[in-house]
Amino acid sequence: MDLRIGHLYPDLMSIYGDRGNVIALSQRAAWRGIDVETRTFTAGEARFDPDWADVYFFGGGQDQGQDLVGADLAGPNGDALRRSIAGGAAVFSVCGGYQLLGKEYVPDTGEPIPGLGVLDVTTRAGKVRFVGNLLCETDDGKMLIGFENHSGYTYLGPLAKPLGRVIAGHGNNGTDKTEGAVQGRLIGCYLHGSALPKNPWLADQLISWGLARRHGAVDLAPLDDTDEDAARAQAAEVAKTRT
Ligand code: GLN
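In this text the structure is predicted, and so the values were computed from the model without any measurement.

(A) Up close: unusual backbone geometry. A cis geometry characterises the amide bond from G193 onward to S194, with omega recorded as 10°. Positionally, S194 belongs in the loop between β12 (186-189) and α5 (195-198). Look at Y9: it is not a glycine, yet its phi comes out positive at around 50°. For Y9, the location among the structural elements is in the loop between β1 (2-8) and α1 (19-30). Taking relative accessible area as the criterion, Y9 reaches 0% and is therefore assigned buried. Phi at K177 takes a positive value of approximately 60°, unusual for a residue other than glycine. Looking at where K177 falls in the secondary structure, it is placed in the loop between β9 (164-168) and β10 (178-179).

Pasting the structure below:
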């Protein structure tokens, strides 16, 4: 069995340790004896192969880098990604990547940046940049910890549901107490850090979705997550002290 990971725009969209999410996906699959290949896809390349990746990672970036990525997504590479997602590929996205999976990102200065439009969210620049530890809880009681640093405020449409409820920090927009978005096999969030090493259950969910694309449902063998769980618990305590 093998897993194909597509790392989207790593040269433009991989800030605040986001590359660690690709490492976490790759390592947690390899620890289970799954063969892993990672390929990068970035602006200006020939048309992405829409049939290759099982799961993508799309990280965070500055407004400046996002306009370059938005322009690339407006062309054949965006069409290829939409086709890949329609074919069952999963996506984990953080901050800038999350914003660009949505309908559009309207930065504080410059023109609105059209998104891929596969996630029913819209982002507009806010007056206050949200920076700090971010802790949220999913509907089924799982905790997620990370670090947020964004001025974009994201609002969900009816087709997307929140990834979690904010416990500490600001999350999507600092108002509706939601964090992130889930729609099919697409996940967006504001959890930098990187997120997946400290939230191994989410990494395993993405690996399962990725494997299902070509191999069908797979039961992943459990791993010893003692250290990962301890890291999340410790970071969660720090986050709860955030005023
Ligand atoms: N430039 C976007 C914002 O400020 C995304 C930032 C990021 O990816 N950390 O909201």
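(B) Layout of empty space enclosed by the protein. Under the defined criterion, the tally for this structure stands at 1 cavity of 30 Å³ or more. Estimates place the volume of the largest cavity at around 100 Å³. Surrounding the largest cavity, 14 residues form its lining, G61, D63, R129, N149 and H150 being those nearest its centre. At the level of secondary structure, the elements contributing two or more residues to the lining of the largest cavity comprise α2 (63-73) and β8 (143-156). In terms of residue count, the dominant contributor to the lining of the largest cavity is β8 (4 residues). Among the residues forming the lining of the largest cavity, the class breakdown is 4 nonpolar, 8 polar and 2 charged.

(C) The arrangement of the pattern of salt bridges in detail. Counting across every chain of the model gives 16 salt bridges. The closest approach of N and O atoms between R214 and D2, which form a salt bridge, is 3.1 Å. Highlighted residues: R214 in helix α6 (residues 200-215) and D2 in strand β1, separated in sequence by 212 residues. When its relative accessible area of 24% is taken as the criterion, D2 is described as partly exposed. A salt bridge links D204 to R28, with the shortest nitrogen-to-oxygen separation between them at 2.8 Å. Taken together, the positions of D204 in helix α6 and R28 in helix α1 put the pair 176 residues apart, joining distant regions of the chain.

(D) Just the sheet that holds strand β2 (residues 35-41), in detail. Ordered by their spatial adjacency, 6 strands build an open sheet running β2-β1-β3-β4-β12-β11, and the pairing between neighbours is mixed. With one partner strand each, in any of the chains shown, β2 and β11 (181-183) form the two edges of the open sheet. Within the sheet, the average angular offset between the axes of one strand and its neighbour, ignoring direction, is 15°. Across 7 bridges, β1 lies against β2 in parallel orientation. Paired with L3 across the strands is V36, a residue of β2.

(E) The arrangement of the side chain of S93 in detail. Here S93 is to be found in strand β4 (residues 90-94). Sequence-distant contacts of S93, that is, excluding residues within four places in its chain, are made with F58, Y98, L101, I187, G188 and C189.

(F) Expanded view of the packing of aromatic side chains. Scanning all chains against the criterion turns up 8 aromatic pairs. Aromatic side chains F41 and W52 sit 6.4 Å apart centroid to centroid with 45° between the ring planes, which places their arrangement in the tilted category. In this pair, F41 sits in strand β2 while W52 sits in the loop between β2 and β3 (55-58), placing the two residues 11 residues apart along the sequence. Judged by its relative accessible area of 6%, F41 is buried. Overall, W52 belongs to the buried group, its relative accessible area being 6%. On the numbers, 6.0 Å between centres and 70° between planes, the contact of F41 with Y56 is edge-to-face. One end of the pair, F41, is in strand β2; the other, Y56, is in strand β3, and 15 residues separate them in sequence. For Y56, a relative accessible area of 1% translates into the label buried. For the cation-ring pair, K142 lies above W201, with the distance from its terminal atom to the ring centre recorded as 5.0 Å.

What counts and what doesn't
Residues numbered from 1 in each chain as written. Predicted model: local features only at pLDDT ≥ 70, side-chain atom pairs only at ≥ 80, totals over all residues. Heavy atoms only, no water. Helix = DSSP H or I, 4+ residues; strand = E, 2+ residues; numbered from the N terminus. Buried < 20%, exposed > 50% of the residue type's maximum accessible area, 1.4 Å probe, protein only. 1 Å grid on protein atoms, 1.4 Å probe; cavity = no way out; pocket = protein on both sides within 12 Å on 5 of 7 lines; lining within 4 Å. Points joined across faces, edges and corners; volume = space filled by probe spheres on them. Nonpolar A, V, L, I, M, F, W, Y, C, P; charged D, E, K, R; others polar. Salt bridge = Lys/Arg side-chain N within 4 Å of Asp/Glu carboxyl O. Pairing = 2+ DSSP bridges. Axes fitted to C-alpha atoms, helices over the stretch in contact; angles between N-to-C directions. Contact = heavy atoms within 4.5 Å. Phe/Tyr/Trp six-rings, centres within 6.5 Å; stacked < 30°, edge-to-face > 60°. Lys NZ or Arg CZ within 6 Å of the ring centre and 35° of its normal.

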